[in-house]
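# Fold and geometry: a report
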Amino acid sequence: MSDPARTVRAVFRGLARLQKTFTIEVGPLRATGMPALLLGVSSIVLASGLTAALAKSATRLPETLGEARGLAEAVMRARRV
């Protein structure tokens, strides 16, 4: 059986290698290493929170979109005058 400390060291070496080579490039945004990992994890958490919020308020979404459209039309009419 393998030594547990040796396994833990191997896992952390792998994570260190992943951290050094991980890169995210989206348009003008470029991140490498730990900032890229943090950006990736935070975007996943943000997306899941946004999905949960949309699922919770899905019944009110058509009303909200209708009100937003009315507001946009009122603003456009005000600019023309």
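A brief look at the structure comes next. (Residues numbered from 1 in each chain as written. Predicted model: local features only at pLDDT ≥ 70, side-chain atom pairs only at ≥ 80, totals over all residues. Heavy atoms only, no water.)

### As for a nonpolar patch on the surface
A contiguous nonpolar patch, built from Val 8, Val 11, Phe 12, Leu 15 and Leu 18 and spanning about 460 Å² of accessible area, is present on the exposed surface. On the accessibility criterion, Phe 12 (55% relative accessible area) is exposed. (Patch = residues over 30% accessible without salt bridge, like charges linked within 9 Å, V, L, I, M, F, W, Y side chains within 5 Å. Areas by Shrake-Rupley, 256 points an atom, 1.4 Å probe, with all protein chains shown as cover. Salt bridge = Lys/Arg side-chain N within 4 Å of Asp/Glu carboxyl O. Buried < 20%, exposed > 50% of the residue type's maximum accessible area, 1.4 Å probe, protein only.)

### A look at the pairing of strand β2 (residues 29–32)
Direction of pairing for strand β1 (residues 23–26) relative to β2: antiparallel, over a ladder of 4 bridges. Its bridge partner being in β2, Ile 24 is matched across the sheet by Ala 31. Between the antiparallel neighbours β1 and β2 lie 2 residues, among them Gly 27 with a positive phi of about 60°. (Pairing = 2+ DSSP bridges. Helix = DSSP H or I, 4+ residues; strand = E, 2+ residues; numbered from the N terminus.)

### Digging into helix α3 (residues 61–80)
Given a rise of 1.5 Å per residue, 20 residues ought to cover 28 Å, and the 29 Å separating the end C-alpha atoms of α3 matches this to within 8%. α3 sits mainly on the outside: 0 of its 20 residues count as buried. (Expected span 1.5 Å × (residues − 1).)

### With respect to the environment of Ser 57
Topologically, Ser 57 is positioned in the loop between α2 (34–56) and α3. Along the sequence, Ser 57 and Asp 3 sit 54 residues apart, while their C-alpha atoms lie 51 Å from each other. Polar side-chain contacts of Ser 57 include one of 3.0 Å to the backbone oxygen of Ala 53. (Polar contact = N/O pair within 3.5 Å; in protein donor to acceptor, adjacent residues only side chain to side chain.)

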